[in-house]
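# Summary of structural features
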Amino acid sequence: MKFMKLGSRPDTFFTTEAVRSVSSEILSDLIVQVKGSRYLLHKFPLLSKCLRLQRLCVEKTSQHEIVELQDFPCGIEDFELCAKFCYGITITVSAHNIVSVRCAAEYLQMTEDVEKGNLICKLQVFLNSCVLSGWRDSIVTLQSTKAFPLWSEDLGITSTCIEAIASKVLAHPLKINLSHSYSRRGGRDDISCNGSQSLRHNKPLSKDWWAEDLAELSIDLYWRTMIAIKSGGKVEASLIGDALRIYASRWLPNISKYANLEKNKHSDSDSVGKYRLLLESIISLLPTERGAASCSFLLKLLKAANILKASSSSKMELATRVGLQLEDATVGDLLIPCVSKTSDTIYDVDIVMTILEQFMLQGQSPPTSPRRMKGDFVRRRSRSAENIDLEFHESRRSSSASHSSKLKVAKLVDGYLQEIACEEKLPLSKFIFIAEAIPEFARLDHDDLYRAIDIYLKGHPGLDKNERKRLCRMLDCKKLSMEVCMHAAQNELLPLRVVVQVLFFEQARATMSGGHITELPSHIKALLANHDDISKTSASFKMTPADDQWSASGKLSTLKMKLAENEDLDENYVDGNGTSSRIKASCIFPSRPKRMFSKLWSSNRSVASEKN
């Protein structure tokens, strides 16, 4: 930390009965009152350097009348430093107090017009040549401008500090004058402005060496500094994203306590507004490049945006960015809490649906906005907002989702469905929308999808027959593993048609593998026993060696009647695509299991005829 000493006389200020005075043989002839404190001083040293005091003393009719500085912008210690400079008493100026002393000197009008070598000139030289040449000193000085925002802006101190910091970030690290105090593990390193040079780091600096130090700034100063850094065009987008992540972790701690803000009447709404402004500022600084900010970080921001009730445009922007790199997310990242009054679900499913839509829109051209007709006075969006949207669309169009990324997202979606399926208030339509948002080819197997459907059926026992059919219609039994097929064959919650499909494809698999089945598996027998009401009072199902492997007793004909009954109830149902369920069901079965199904019934008929 650099510092500057001015003056050579010892300090002779003392306090008597709450009045500050100067030890001198000459009687005091000037009384100054600053923020409730009174000073007994002398006119000659002060009026010779302070133009404002000159004018105020001229206006006074009495010699002993008090000169009151009512609108003094700084503290009494800053006025005292200026007064000591007038007396030639030694004062110390550093990055910690240079802004306040500079504002005080400006108020007192200690300019070169009053006297050569006045305080303002010396402070300005020290600021430009010493303070702003160091990294740490520049940040400390910029932070101190927060106490005097208007004065610092008018004097150009804030903008000068921001430019100095940005230039250091854009420069090569070896060219930057970093004091030893920059290291958070280092000790103090107070060096006079005209003393030895600052020490350098022994360890090499990483590319994001500046991020943690900038995280100390308040959001308004940080935002302006980051804009200056981004406008330089030399810092990688990934470094910008990492710096924003560090800043968010510093200033956005655990905000889950604000999730029930509407229910808690004693919540601090001012704090929520402050955090909301901070969050939206961070979102506005996110680079447009894909992958500049990690998907996990973006989803954490989205969770915070939900809790803090950020603007819909901020949420949409985050959803669009997440959609461009959804394959990098985890199931836990997508569990975004819902704080809306209109929704009873724990997690915000709507925002995940939006993210999936954005993911699938990659590689597509954005919709063109209609041309404005003459006389249309609708207010246009700002040019900067339009440019951001254009960059987003270009990024989306140039980064079409790859085949591998869609496979990853399919596994992610199925895992997410398993997490939200148990919510009682989750509508069936939203569950199906999320499941069907993924292309058919992206699911190499349907095991995870089956587990999600099973959880949803258990968590929603009130579903009627048509709703259960609608839910299971997206399940492809050909893509189920043997273990899952065994579970599905005994699942009483599944529609009977799905269970029969599972049995057929399992038998088809066994046949294609060259195996010869002489007896129905135990889980198939259990299925027949569970779905046949008549069988509860009849004898157990038996097979004889003379029977065909697909022919059985009257229980199979009972199963046939139940399946036919289901077909009759569902044959007139038409889905959203205009396809009847009977036609759709027939398309699900491959040709070979169809023939086996026909063989099953014909074999059953032959056995029955022989018995007759």
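Residues numbered from 1 in each chain as written. Predicted model: local features only at pLDDT ≥ 70, side-chain atom pairs only at ≥ 80, totals over all residues. Heavy atoms only, no water.

In the nomenclature of an unreviewed UniProt entry, the protein chain corresponds to Btbpoz domain-containing protein from the organism Nicotiana attenuata. The Sequence similarities (unreviewed entry) comment attached to the protein chain in UniProt states, word for word, "Belongs to the NPH3 family." Here is the UniProt Pathway (unreviewed entry) comment for the protein chain, exactly as written: "Protein modification; protein ubiquitination." (UniProt positions renumbered as here; feature names shortened; annotations may be inferred.)

Let's shift gears to the packing of helix 10 (residues 219–232) against helix 12 (residues 269–285). Axis separation between helix 10 and helix 12 bottoms out at 11 Å; the angle between their running directions is 0°. Here helix 12 runs roughly parallel to helix 10, going by the angle between their axes. Counted together, Ile 219, Tyr 222, Trp 223, Met 226, Ile 227 and Lys 230 of helix 10 and Leu 278, Ser 281, Ser 284 and Leu 285 of helix 12 form the full contact between these two elements. For the contact of helix 10 with helix 12, the residue count by class is 7 nonpolar, 2 polar and 1 charged. (Axes fitted to C-alpha atoms, helices over the stretch in contact; angles between N-to-C directions. Helix = DSSP H or I, 4+ residues; strand = E, 2+ residues; numbered from the N terminus. Parallel < 35°, antiparallel > 145°, perpendicular 65-115°, else oblique. Contact = heavy atoms within 4.5 Å. Nonpolar A, V, L, I, M, F, W, Y, C, P; charged D, E, K, R; others polar.)

Next up on the list: the nonpolar core. In this structure, Leu 69 and Trp 210 are the most contacted members of the largest nonpolar core, which totals 157 residues. When residues of this core are assigned to their parent elements, the largest contribution, 10 residues, is made by helix 13 (residues 295–308). Setting aside chain neighbours within four positions, we find Trp 210 in contact with Trp 135, Val 169, Met 226, Ile 229, Val 235, Leu 239, Ile 240 and Ala 243. (Core = buried A, V, L, I, M, F, W, Y, C linked by side-chain atoms within 4.5 Å. Buried < 20%, exposed > 50% of the residue type's maximum accessible area, 1.4 Å probe, protein only.)

In this section: the packing of aromatic side chains. The full count for this structure, using the stated rule, is 9 aromatic pairs. Aromatic side chains Phe 431 and Tyr 456 sit 4.8 Å apart centroid to centroid with 35° between the ring planes, which places their arrangement in the tilted category. Within this pair, whereas Phe 431 is found in helix 19 (residues 428–436), its partner Tyr 456 is found in helix 20 (residues 447–459), the two being separated by 25 residues in sequence. The pair formed by Phe 431 and Tyr 456 is uniform in burial state, with each residue classed as buried. Members of the aromatic cluster, connected to one another through ring pairs, are Tyr 39, Phe 72, Phe 79, Tyr 107 and Trp 151. When the ring centre of Trp 251 is taken as origin, the NZ or CZ atom of Arg 250, which lies over that ring, is 4.4 Å away. (Phe/Tyr/Trp six-rings, centres within 6.5 Å; stacked < 30°, edge-to-face > 60°. Lys NZ or Arg CZ within 6 Å of the ring centre and 35° of its normal.)

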